[in-house]
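Chain and residue survey
Here is what each chain is made of, one letter per residue.
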Amino acid sequence: MAGRTGIEVSLALSEAVKMADADVIAAYPITPQTHIVEHLAELVADGHLDAEFVPVESEHSAMSACVGSSAAGARTFTATSSQGLALMHEILYMAPALRLPIILAVANRALSAPISIWNDHSDIMAERDTGWIQLFAENGQEVFDLTLQAFRIGEDPQVLLPVAVNLDGFTLSHVIEPVVFPEQKVVDQFLPVYRPKVRLDPAKPVSMGVFGIPEIYTETKRATEAALLDSKAVILRVWDEFEALFGRKYRPIETYRAEDADTLLVAMGSVSETAMTAVDEMRAEGKKVGLVRIRLWRPFPDEEFKAAVAKARVLGVVDRSITPGSHAGPVFMEIRSLLYALPERPAVFGFSLGLGGRDVTRENFKYIYDQCQVLEDTGQDRYEMVGVME
Amino acid sequence: MTADALKDFQKLTAKTLPAEDMFAPGHRACQGCGEVLALRLLMKAVGPEAIAVSATGCMEVVSSTFPQTSWRVPWIHVAFENAAAAASGVEAGFKVMRRKGRIPDKKTAILAIAGDGGTADIGLQALSGALERGHDFVYICLDNEAYMNTGIQRSSSTPYGAMTTTSPPGKHSPLGQVTWKKNMPAIAAAHNIPYVATASPAYHLDMMNKVRKAVAIPGPAYVHIFSPCPTGWRMRPELSIESARLVVQTRAFPLYEVINGRYILNRKVSKPKPLKEYFQQQGRFRHLDDKAIAEIEARLHAEYDKIARLAAEGGPVKEEKEE
Amino acid sequence: MAKIDALMSWKEVPVGCHAPEPGSTVHYKTGDWRSQRPLLHRDKCIYCGLCWVFCPEGCYQNMGPEEKYYKADLDFCKGCGICAHECPKDAIEMIPEEV
């Protein structure tokens with residue numbers, strides 16, 4: 001399918017998994033991830049992808065089977081959303097600790113209750129601290145590219161960590177977008193066959209998932225965290241390789257009209273495209289506003305983010321989830337904490353919106369811009385849930 | 001397929017038992033642990049061409065205190081309820097890597113090993129899924145009849161009338177466990193898998209050969225192994241094997257196989273010993289009076305008779321022995 | 001800085017905290033757990049091997065067809081007494097462990 005094709009983004013993701021020649025797919029269906037796994041089942045059944053499609057009986061078993069498969073040395077993929085991701089929670093922590101490069105696509109969807117099938121980031125934010133590398137896609141091309149890159153990054157011998165590729169459920173997963181598909185031979189050049197140094201092999205028996213007494217647990221966590229932090233260097237290198245082969249450049253932080261911006265909006269995921277339109281409209285009115293988009297959420301790219309916001313006076317951070325009982329959404333908290341120690345730093349204000357599939361509009365971003373000016377000028381500090389009917 | 005695998009099946013005998021252990025000493029199991037003995041013997045029977053996937057439980061904890069491990073085969077422990085799911089992933093991974101030529105095309109036994117908790121309770125979903133999907137693996141339940149590793153709490157495999165810390169006999173509720181042991185072999189057999197078996201380490205050749213049969217037969221297999229726990233049952237440690245023998249001789253734990261749906265009673269117990277003889281070795285039954293024991297005995301005999309009838313339906317087979 | 005109660009530097013932890021040496025529990029001598037030890041009366045032993053079969057530790061060693069007996073490895077024997085109890089010839093006696 002080389003060349004530029006109009007395709008539903010979910011299917012583009014599955015095509016990336018096919019081009020990556022995944023070995024094992026263990027997945028359980030949940031709206032809005034279903035098209036991803038359905039298309040993969042089709043590709044396997046038609047013989048386009050030589051893989052074991054394991055129709056597990058729950059998401060907990062999906063992630064468990066992925067751990068087993070990756071430990072055996074197979075290239076492993078799964079996908080889920082919302083409740084399914086929550087059901088995987090227990091096992092998610094184990095994948096990085098065991099250094100297993102499982103690739104997970106999350107079609108982001110709100111967590112119940114009440115039950116919602118629509119998009120927000122509460123599902124992935126609940127897994128923030130699991131130790132996974134976490135990427136956020138903004139459009140269909142990114143979904144395809146990030147999925148291919150995820151295999152390459154996770155399986156890198158310096159990394160050996162699982163990678164979650166996040167795409168907004170329905171608003172990105174179910175829309176038809178133009179995607180440029182590369183040639184298989186270029187993909188093969190970018191992504192070699194997975195040959196792990198350590199795997200379950202009767203010729204070299206190891207024991208994985210051991211009993212960790214207090215005299216070792218801390219050191220294992222330090223070691224795994226170091227691997228996550230060090231993975232950033234590999235991610236940047238992979239993105240250079242990707243640019244050289246495919247012609248598209250990826251960075252941990254992307255900026256839009258930010259160089260001379262006084263106020264910067266900060267967003268993750270597909271709302272960034274709406275934000276860019278709002279930025280254009282506000283710029284036409286003479287407002288000096290720009291956008292910072294976070295593509296790499298974990299490990300958080302401290303230096304790149306600080307550089308991107310160095311000259312701004314105010315940041316308006318957009319969260320697609322809430323952290324009840326605290327004063328902020330998760331991205332807002334992250335950024336405030338990151339910037340706190342800087343001698344010169346912008347004012348940072350937080351706004352949670354677009355929960356449970358509520359539309360995020362250009363008007364929302366304009367409101368946020370206006371609120372940032374008011375708060376900064378009046379010295380107030382407030383975290384706001386935007387667009388709640390009182 | 002099953003018939004082919006069994007046609008060439010070579011039984012282990014007392015003379016041909018392998019000398020090597022795939023499960024090393026120095027593990028931290030209690031003195032006299034019947035479960036670790038069963039594990040040691042079945043791993044000996046399976047040999048080095050195997051991957052073991054353990055659920056959380058006694059066997060996992062006693063064998064893997066970092067940086068040491070008792071396992072001489074590749075081993076992975078993930079969580080409490082997912083041995084069957086993790087094993088499914090290992091099996092799928094090996095299958096496709098063999099097919100794609102990345103590993104040699106030879107049979108590696110895949111074992112999922114869990115206790116009664118990790119099988120009948122929290123692990124039941126993953127087990128059912130793995131059996132239904134038909135993975136080529138062997139699921140072994142090491143049944144010591146309670147959640148022993150966390151301090152002897154009841155499971156659905158705890159026998160009626162047994163004391164555990166969450167089924168303690170008291171003034172208001174004098175029996176202890178008030179439900180009957182969940183019939184896991186029947187649940188496994190209901191998935192129409194090619195091989196189901198019950199085993200006891202006191203009949204070690206029978207047990208070891210059943211595990212080897214389970215490995216040899218393509219598709220899913222389930223082996224339920226009675227595993228005495230002196231600590232949890234309040235029993236003198238030297239009695240582990242004797243209790244594993246008495247449990248069969250009293251008909252409390254029938255030894256049978258279900259091969260492609262056909263029941264085979266491996267040990268006919270025509271003259272059962274009194275259940276009291278089995279109970280009186282164990283403190284967990286001390287609170288039961290003769291009336292309660294008689295009721296339990298009647299029920300256990302009825303369960304044994306059910307198996308015997310199912311076996312008789314299939315006609316006589318030479319696998320049956322008199323106990 | 002107070003002493004850190006750790007096994008090794010975090011940099012030395014194997015990737016994934018895997019235990020790399022199969023069967024390495026042999027370095028952990030459980031023999032000091034026991035309060036009684038097996039004593040074999042060789043004249044009664046018929047070399048059946050059931051002590052070797054039924055030992056939960058797997059610490060019996062076959063001394064060969066010339067010697068015709070099995071010997072408990074006292075580095076690991078926990079003194080459970082199963083071997084003595086199961087021996088068909090009562091050839092094994094559990095005696096108190098000397099302190």
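What you see is a predicted model, and the numbers here were worked out from it, not measured in a lab. All residue numbers here refer to positions counted from 1 along the written sequence of the relevant chain. Throughout, the order in which chains and ligands are written sets their labels, letters from A for the former and numbers from 1 for the latter. Residue-level local features of this predicted model are given only where pLDDT is at least 70; pairs of side-chain atoms are given and counted only at 80 or more, and the full residue set underlies all totals for whole chains, interfaces and linings.

Comments concerning the sheet that holds strand β11 (residues 263–267) of chain A
Residue and element names in this part refer to chain A. Being paired, for any two strands, means DSSP has found at least two bridges between them. To qualify as a helix, a DSSP run of H or I must reach at least 4 residues; to qualify as a strand, a run of E must reach at least 2; elements of each kind are numbered from the N terminus. Here 6 strands make up an open sheet; going across it, the order is β10-β12-β11-β14-β15-β16 and the pairing mixed. Edge positions in the sheet fall to β10 (253–256) and β16 (383–385), since each has one partner strand and no second. With strand direction ignored, the average angle separating the axes of adjacent strands in the sheet is 20°. Bridging between β11 and strand β14 (residues 314–319) involves 4 bridges; their strand directions are parallel. Axes here mean lines fitted to C-alpha atoms, for a helix over just the part in contact, with angles spanning 0 to 180 degrees between N-to-C directions.

Considerations on the sheet that holds strand β3 (residues 109–115) of chain B
The 9 strands are arranged β9(A)-β2(B)-β1(B)-β3(B)-β4(B)-β6(B)-β5(B)-β7(B)-β8(B) in an open sheet whose pairing can be described as mixed. With one partner strand each, in any of the chains shown, β9 (207–208) of chain A together with β8 (262–265) of chain B form the two edges of the open sheet. Relative to strand β6 (residues 221–226) of chain B, strand β5 (residues 195–199) of chain B is paired through 5 bridges, and the arrangement is parallel. From the neighbouring strand, Tyr-195 of chain B faces β6 of chain B, where its bridge partner is Ala-221 of chain B.

Focus: the domain arrangement of chain A
All names here are of chain A. Throughout the structure description, domain borders are defined by an automatic or database domain assignment. Domain boundaries in chain A define domain 1 (3–246) and domain 2 (253–385). Here, residues touch in the contact sense if the C-beta positions derived from the backbone fall within 7 Å of one another. Each side of the interface is counted separately: domain 1 has 25 residues, and domain 2 has 20 residues. Basically, the charged four are Asp, Glu, Lys and Arg, the nonpolar ten are Ala, Val, Leu, Ile, Met, Phe, Trp, Tyr, Cys and Pro, and anything else, Gly included, counts as polar. For the side of domain 1 that touches domain 2, a count of residues per class yields 11 nonpolar, 9 polar and 5 charged.

Points about the packing of helix α4 (residues 83–99) of chain B against helix α6 (residues 124–133) of chain B
The interhelical angle for the contact between α4 of chain B and α6 of chain B, taken along N-to-C directions, is 35°, at an axis separation of 7 Å. For the pair α4 of chain B and α6 of chain B, the contacting residues are Ala-84, Ala-85, Ala-87 and Ser-88 of chain B in the first and Ala-126, Leu-127, Gly-129, Ala-130 and Arg-133 of chain B in the second.

Re the interface of chain B and chain A
Contact with chain B, which involves 40 residues of that partner, is made by 39 residues of chain A. When contributions to the side of chain B that touches chain A are tallied by element, the ones reaching two or more residues are β1 (50–54), β2 (75–77), α4 and α6 of chain B. The element contributing the most residues to the side of chain B that touches chain A is α4 of chain B, with 13 residues. Its residues assigned to classes, the side of chain B that touches chain A shows 22 nonpolar, 12 polar and 6 charged. Taken together, the 2 bridges between β9 of chain A and β2 of chain B define a ladder with parallel strand orientation. Each residue of the ladder has a partner; that of Ser-207 of chain A, found in β2 of chain B, is Trp-75 of chain B.

A word on helix α8 (residues 204–216) of chain B
With 13 residues, α8 of chain B should reach 18 Å at 1.5 Å per residue; the first-to-last C-alpha distance of 18 Å fits that figure. Within α8 of chain B, 11 of the 13 residues are buried, which leaves the element mostly enclosed by the surrounding structure. In a helix, the anticipated span is given by 1.5 Å times the number of residues less one. Buried means a residue has 20 or more other C-beta atoms within 10 Å of its own C-beta, exposed means 12 or fewer, and partly exposed covers the counts in between; C-beta atoms are placed from the backbone.

Focus on the environment of Asp-136 of chain B
Residue and element names in this part refer to chain B. Of note, Asp-136 is situated in the loop between α6 and β4 (138–143). According to the C-beta neighbour criterion, Asp-136 is partly exposed, with 18 such atoms within 10 Å. Spatially, the C-alpha atom of Asp-136 lies 20 Å from that of Ala-120, the residues being 16 residues apart in sequence. Beyond its immediate chain neighbours, meaning those up to four positions away, Asp-136 contacts Glu-91, Pro-218 and Gly-219.

Quick notes on the environment of Ser-116 of chain A
All names here are of chain A. Summarising the element assignment, Ser-116 is placed in the loop between β5 (102–108) and α6 (122–125). Judged by the 18 C-beta atoms lying within 10 Å of it, Ser-116 is partly exposed. Taking the C-alpha atoms as reference, Ser-116 lies 9.8 Å from Gln-83; in sequence the two are 33 residues apart.

Things to note about helix α12 (residues 290–313) of chain B
Residues and elements named next belong to chain B. Spanning 24 residues, α12 covers 34 Å between terminal C-alpha atoms, matching the ideal 34 Å at 1.5 Å per step. Among the residues of α12, those classed as buried are Ile-296, Glu-297, Leu-300, Tyr-304, Ile-307 and Ala-311. At its buried positions, α12 is contacted by β7 (256–259), β8 and α11 (275–279).

Quick word on the pairing of β5 of chain A
Residue and element names in this part refer to chain A. Among the 7 residues of β5, 7 are classified as buried, and the element is accordingly described as predominantly covered. Side chains of β5 alternate between two faces, with Ile-102, Leu-104, Val-106 and Asn-108 and Ile-103, Ala-105 and Ala-107 buried alike. As paired elements, strand β4 (residues 76–80) and β5 share 5 bridges and run parallel to each other. Within β5, the residue paired with Phe-77 across the bridge is Ile-103.

Some thoughts on the interface of chain C and chain B
Contact residues are listed per partner, giving 29 residues for chain C and 29 residues for chain B. Looking at the side of chain C that touches chain B, the element that brings in the most residues is helix α3 (residues 82–86) of chain C, giving 4 residues.

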